[in-house]
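Residue-level listing of the chains:
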Amino acid sequence: MSTSQAIAPYLPFLRRYARALTGSQSSGDAYVAAALEALIEDTSILDSASSPRVALYHLFSKIWNSVVVNSKSGPDSTALPAEQRLSQITPRPRQAFLLIALEGFSEADAATILDVDVPTLRQLVEESGRELAAEIATDVMIIEDEPFIAMDLEGLVESLGHRVLGVARTHSEAITLAKAKRPGLILADIQLADGSSGLDAVNELLRSFEVPVIFITAYPERFLTGERPEPAFLIAKPFQPATVSAVISQALFFERNARRRERRAS
């Protein structure tokens, strides 16, 4: 397989990542072009990582991080509103957040791309979550029947700057709490101990108002079959705090972006 064939499937996604990172399409494309020029000069770069995709993003990151101005955060007057929020996040945490939340890399691959170890990568993602939460803090409802997991989630959510409205342990408690306090985000276990379903509770609530939902389950394979509509945000138990942090930020960030697009369309 030629170099161009090896990287062609990943170029549209690298351009997406570059735009989100730089805040503008033209600037992002310029960095992508620089990465491609470097790759043409030394095609052995593709052999330096676990996959061509990881190698390509690693090369891009080395070029991006070699420019001094990119180590400074700040608003870009040419950026879209959603990208302006991202520009407020310190650069290294911003890269970690985008690699995990936007590009879907595993922690190990994202760490390789950024030349850090996995614990450092997790710290960067958690930092990005706190910084982004300061821009999009919201009220969170937790649907979880296991007390220790509920406590962990509550502490994590609050550490990111959000407010926990309450913890519901059954379908009926979830309906009552949500209708009374209207959360801006829901974290929901799918299978509750009393036999009720967090999924059913959420589906009932979504008929009354729109809210981003993150499902947490010990059996993600049951809901990722491709045979029916799948949850947009799904976290597997046992979970890493960095994963929850990234997905919370992802859900809120892109939900706000979607609302903005809907307003422009109308």
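Structure: above.
Keep in mind that what you see is a predicted model, and the values were worked out from it rather than measured.

Draft legend 1. Fine view of the packing of aromatic side chains. In the structure shown here, the tally under the stated rule is five aromatic pairs. Seen from their ring centres, Tyr 17 and Phe 60 are 5.8 Å apart, and the 65° between their planes marks the pair as edge-to-face. Residue Tyr 17 is found in helix H2 (residues 11-22), and its partner Phe 60 is found in helix H4 (residues 52-65); the two are separated by 43 residues along the sequence. Of the two residues, Tyr 17 and Phe 60, neither departs from the other in class, the shared state being buried. Taken together, a centroid distance of 4.8 Å and an interplanar angle of 75° make the contact between Tyr 57 and Phe 105 edge-to-face. Taken together, the positions of Tyr 57 in helix H4 and Phe 105 in the loop between helix H6 (91-102) and helix H7 (107-114) put the pair 48 residues apart, joining distant regions of the chain.

Draft legend 2. Structural context of the packing of helix H10 (residues 171-181) against helix H11 (residues 198-205). Where H10 contacts H11, the axes come no closer than 9 Å and their chain directions differ by 30°. Taken as axis vectors, H10 and H11 run roughly parallel relative to one another. Like other packed secondary-structure pairs, H10 and H11 cross with a definite hand, here right-handed. Contacts between H10 and H11 involve His 171, Ala 174, Ile 175, Ala 178 and Lys 179 from the former and Asp 200, Ala 201, Glu 204 and Leu 205 from the latter. The residue makeup of the contact of H10 with H11, split by class, is five nonpolar, one polar and three charged.

The rules behind these values
- Residues numbered from 1 in each chain as written.
- Predicted model: local features only at pLDDT ≥ 70, side-chain atom pairs only at ≥ 80, totals over all residues.
- Heavy atoms only, no water.
- Phe/Tyr/Trp six-rings, centres within 6.5 Å; stacked < 30°, edge-to-face > 60°.
- Helix = DSSP H or I, 4+ residues; strand = E, 2+ residues; numbered from the N terminus.
- Buried < 20%, exposed > 50% of the residue type's maximum accessible area, 1.4 Å probe, protein only.
- Axes fitted to C-alpha atoms, helices over the stretch in contact; angles between N-to-C directions.
- Parallel < 35°, antiparallel > 145°, perpendicular 65-115°, else oblique.
- Left-handed = near helix turned anticlockwise from the far one by under 90°.
- Contact = heavy atoms within 4.5 Å.
- Nonpolar A, V, L, I, M, F, W, Y, C, P; charged D, E, K, R; others polar.

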